[in-house]
Amino acid sequence: MALKDITLGQYFPGDSLIHRLDPRSKLIFTILYIVIIFLCKNVVSYGLVIVTLLVLIKISGVKPGVFVKGMKPVVFIVVFTAILNLFYTDGTVLWSLGFLKITEEGIWKAIFMVLRILLLITCTLLLTYTTSPILLTSGLERLLRPLKKVNFPVHELAMMMNIALRFIPTLIQETDKIISAQKARGADFDSGNLMQKARALVPILIPLFISSFRRAEELATAMECRCYHGDEGRTSLRQLVMKGRDWGFLVFTVLLVAAVCVLRHFGL
């Protein structure tokens, strides 16, 4: 997997309905969508949430290939999870070889677990692909604003998330440059056993850590020079306002949650 295939933290500008939604409504949808993924019990409920997500992706205008590319870093986790559920679930045995066995229940459980992971990642990618990091953290800060009454550092948390999201693509590019430079010097990252490959990463990790600390120090200095003092007396350039389409999207989200709950009650 090439580093350029990692799309985490990237934002794809657009003018679709999903792009124009208030970040708070998209955050609420994402949270509730993750909840209903784990409420789904059978084929019908999974089909409903899959179709819903596919429709939203179509509306967003983001190419499906971008989502597929974003899945590549978790392929190993998905395959490993499927294998565990496939071979280590009790039930009606369809095939066995020694301590390995495949059951009918294991097949369905493996399918549903893989779907859960893929849907969870896809809905999260849809949020980050259609929402700029600044708007995303502003929406999160507004949603968590009531926690300020108990002295929870809402602004500081949102600021850290904003910085982390903005620096992910930068660090990926920096890593790619370091790998290219090391390969030009004759470094080999593909051959050898596991320990040799791990040792080969040392010439990458050390410069990457040094570069990260340098960028963090430069950012801290820049913030101090601009007299940054946290949330004290700060105002926002762009005020978030919930519009009709945002309230409509929230109503749609509530109806989706209700539909999945009803399907779960009837075992669907």
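This structure is a prediction, so every number in the text was calculated from the model and none was measured.

Teacher, can you tell me more about the overall build of the protein chain here?
Looking only at helices and strands, the protein chain features 11 helices and 2 strands. Counting from the amino terminus, helix and strand elements in the protein chain follow one another as α-α-α-α-α-β-β-α-α-α-α-α-α. Taking contacts inside the protein chain between residues at least 6 apart in sequence as the whole, the part at least 24 apart equals 74%. Taken as a whole, the protein chain presents about 16600 Å² of accessible surface, with 68% of it coming from carbon and sulfur.

In this structure, what is going on with the environment of Phe 67? I would like to understand it.
Within the element layout of this structure, Phe 67 appears in helix H4 (residues 64-71). A relative accessible area of 5% means that Phe 67 is categorised as buried. Along the sequence, Phe 67 and Cys 123 sit 56 residues apart, while their C-alpha atoms lie 9.7 Å from each other. Contact partners of Phe 67, with chain neighbours within four places excluded, come to Ile 57, Val 62, Thr 122, Leu 125, Leu 126 and Tyr 129.

Explain the packing of helix H7 (residues 133-143) against helix H8 (residues 154-184) to me, please; I cannot follow it from the model alone.
The angle between the axes and the distance between the axes are what describe a pair of packed helices. Running from N to C, H7 and H8 cross one another at 160°; their axes reach a closest spacing of 9 Å. In this view, H7 runs roughly antiparallel relative to H8, as classed from their interaxial angle. Of the two possible hands of crossing, H7 and H8 adopt the one that is right-handed. Each of Pro 133, Ile 134, Leu 136, Thr 137, Leu 140 and Glu 141 in H7 lies in contact with H8, whose residues at this interface are Val 154, His 155, Ala 158, Met 161, Asn 162, Leu 165 and Arg 166. Tallied by class, the residues present in the contact of H7 with H8 amount to 8 nonpolar, 3 polar and 2 charged.

Mind showing me how you'd approach the packing of aromatic side chains here?
What describes a pair of aromatic rings is the distance from one ring centre to the other and the angle between the planes of the rings. For the structure shown, the criterion picks out 9 aromatic pairs. Taking 6.0 Å as the distance between ring centres and 15° as the angle between the ring planes, the aromatic pair formed by Phe 76 and Phe 80 counts as stacked. Within this pair, Phe 76 and its partner Phe 80 are both found in helix H5 (residues 75-87), separated by 4 residues, close to a single helical turn. Centroid distance Phe 249 to Phe 252: 6.2 Å. Interplanar angle 25°. Geometry classified as stacked.

I tried to follow H7 on my own but got confused; where do I start?
An α-helix turns once per 3.6 residues; consequently, residues spaced three or four apart project the same way. Every buried residue of H7 is accounted for by Pro 133, Leu 135, Leu 136, Thr 137, Gly 139, Leu 140 and Glu 141. Buried residues along H7 sit in contact with helix H2 (23-39), helix H6 (104-129) and H8.

What counts, and where the lines are drawn
Residues numbered from 1 in each chain as written. Predicted model: local features only at pLDDT ≥ 70, side-chain atom pairs only at ≥ 80, totals over all residues. Heavy atoms only, no water. Helix = DSSP H or I, 4+ residues; strand = E, 2+ residues; numbered from the N terminus. Contact = heavy atoms within 4.5 Å. Areas by Shrake-Rupley, 256 points an atom, 1.4 Å probe, with all protein chains shown as cover. Buried < 20%, exposed > 50% of the residue type's maximum accessible area, 1.4 Å probe, protein only. Axes fitted to C-alpha atoms, helices over the stretch in contact; angles between N-to-C directions. Parallel < 35°, antiparallel > 145°, perpendicular 65-115°, else oblique. Left-handed = near helix turned anticlockwise from the far one by under 90°. Nonpolar A, V, L, I, M, F, W, Y, C, P; charged D, E, K, R; others polar. Phe/Tyr/Trp six-rings, centres within 6.5 Å; stacked < 30°, edge-to-face > 60°.

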